[in-house]
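Per-entry structural report
For reference, the chains in residue letters:
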Amino acid sequence: YVGASPIIRGLSDDKHLTKLEAAARGIPTAPWSLFRRGAPVDVARCPPARRWVIKPNNSSASWGIRDAQDRSELAQAVAEIHALDHDAIVEPFIEGSDVEVPVITTAGVPAMLPMMIFEQADPSHLRTYQEKRDLVDRSQKYSLKLFDDAEVGARLVRYTMDMAEVFRPFDYGRFEFRVDFATGEIRLLEVNLNCNLWSEKVFGRAAIAAGFTQTDLIETIVAESMIRQLVGF
């Protein structure tokens, strides 16, 4: 199991459980409501907001993401996600850009690669699955670049290392935060312990910035996984 053991992968894949771990450690995350498929749905218990984001509780790359402006739209969005056989998680929409913290492990110890930012031209834009997978042209909406804000970066280091302890031992993971640069607020979005390793995405670009080749990156992750699982020993 590259990434982490199945139960740890499950913990990170469940956004609700990840956010509970963050909240328990004082790491800021947006308020949320979870609607398990098959359980009663009462959107009145969702946190107050002018706009909500609704997505499958274990989606990847924003698959199935929706937004809503009122509670009628909110109920419809939850129903649509349940119809896809997924639990639904609801959060207030937070303006800003996503800062990604890629973490590998060396001898089981978490080590951060350079942070990357998906810098958005419009902080209110809701990034879609198609945009995240580069299935459409998103060049005018946001760009992926190295993140170099020292003050925000210092807080992200602290939050990431605290969250990394939740999931040890793991081989690699992307810790994602939404940063509102107008207010300075940081919110943990999710943790992905089996994320995309394409050379043009976060891990590939961060690895190059750290002096790794793509081959070095893959070999490091696979070797860590084999050592963690005592494969060949």
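Residues numbered from 1 in each chain as written. Predicted model: local features only at pLDDT ≥ 70, side-chain atom pairs only at ≥ 80, totals over all residues. Heavy atoms only, no water.

**Notes on the overall build of the chain**
Within the chain one finds seven helices and ten strands. Computed over its C-alpha atoms, the radius of gyration of the chain comes to 18 Å, within 12% of the 17 Å expected for a compact globule of 233 residues. Projecting the C-alpha coordinates of the chain onto the three principal axes gives extents of approximately 55 × 40 × 35 Å. Pairs at least 24 residues apart make up 64% of the contacts formed inside the chain by residues separated by at least 6 positions. When the accessible surface of the chain is summed, it comes to about 10,900 Å², and 54% of that surface belongs to carbon and sulfur atoms. Computing the positive centroid from 27 side-chain charges and the negative centroid from 33, the chain places the two 2 Å apart. (Helix = DSSP H or I, 4+ residues; strand = E, 2+ residues; numbered from the N terminus. Rg over C-alpha atoms; globule rule 2.2 N^0.38 Å. Contact = heavy atoms within 4.5 Å. Areas by Shrake-Rupley, 256 points an atom, 1.4 Å probe, with all protein chains shown as cover. Lys, Arg positive; Asp, Glu negative; His and termini not counted. Charge placed at Lys NZ, Arg CZ, Asp CG, Glu CD.)

**Some points on the environment of Pro 48**
Its place among the elements puts Pro 48 in the loop between β1 (33-35) and β2 (52-56). Considered as a pair, Pro 48 and Glu 91 are 43 residues apart in the sequence and their alpha carbons are 9.2 Å apart. When neighbours within four sequence positions are excluded, Pro 48 is seen to be in contact with Arg 71 and Pro 92.

**A look at the layout of surface pockets**
Space inside the second largest pocket adds up to approximately 180 Å³. Ala 49, Arg 50, Arg 51, Pro 92, Phe 93, Ile 94, Glu 95 and Ser 124 are the residues that line the second largest pocket. Broken down by class, the residue content of the lining of the second largest pocket amounts to four nonpolar, one polar and three charged. (1 Å grid on protein atoms, 1.4 Å probe; cavity = no way out; pocket = protein on both sides within 12 Å on 5 of 7 lines; lining within 4 Å. Points joined across faces, edges and corners; volume = space filled by probe spheres on them. Nonpolar A, V, L, I, M, F, W, Y, C, P; charged D, E, K, R; others polar.)

**A word on empty space enclosed by the protein**
Once rolled over the atoms, a probe with the size of a water molecule shows which space is left empty. Tallying each qualifying case throughout the model produces one cavity of 30 Å³ or more. Size it by volume and the largest cavity reaches roughly 260 Å³. Along the wall of the largest cavity there are 21 residues; nearest its centre are Val 53, Lys 55, Ile 65, Arg 178 and Leu 189. Listing elements by their share of the lining of the largest cavity, those giving two or more residues are β2, β4 (88-92), β9 (172-180) and β10 (185-192).

**Quick look at the pattern of salt bridges**
All told, the structure shown has 16 salt bridges when counted by the stated rule. Arg 178 is the salt-bridge partner of Asp 98, the closest N and O atoms lying 2.4 Å from each other. Residue Asp 98 is found in strand β5 (residues 97-106), and its partner Arg 178 is found in strand β9; the two are separated by 80 residues along the sequence. In the salt-bridge network here, residues are joined through shared partners; they are Lys 15, Glu 100, Arg 174 and Glu 190. (Salt bridge = Lys/Arg side-chain N within 4 Å of Asp/Glu carboxyl O.)

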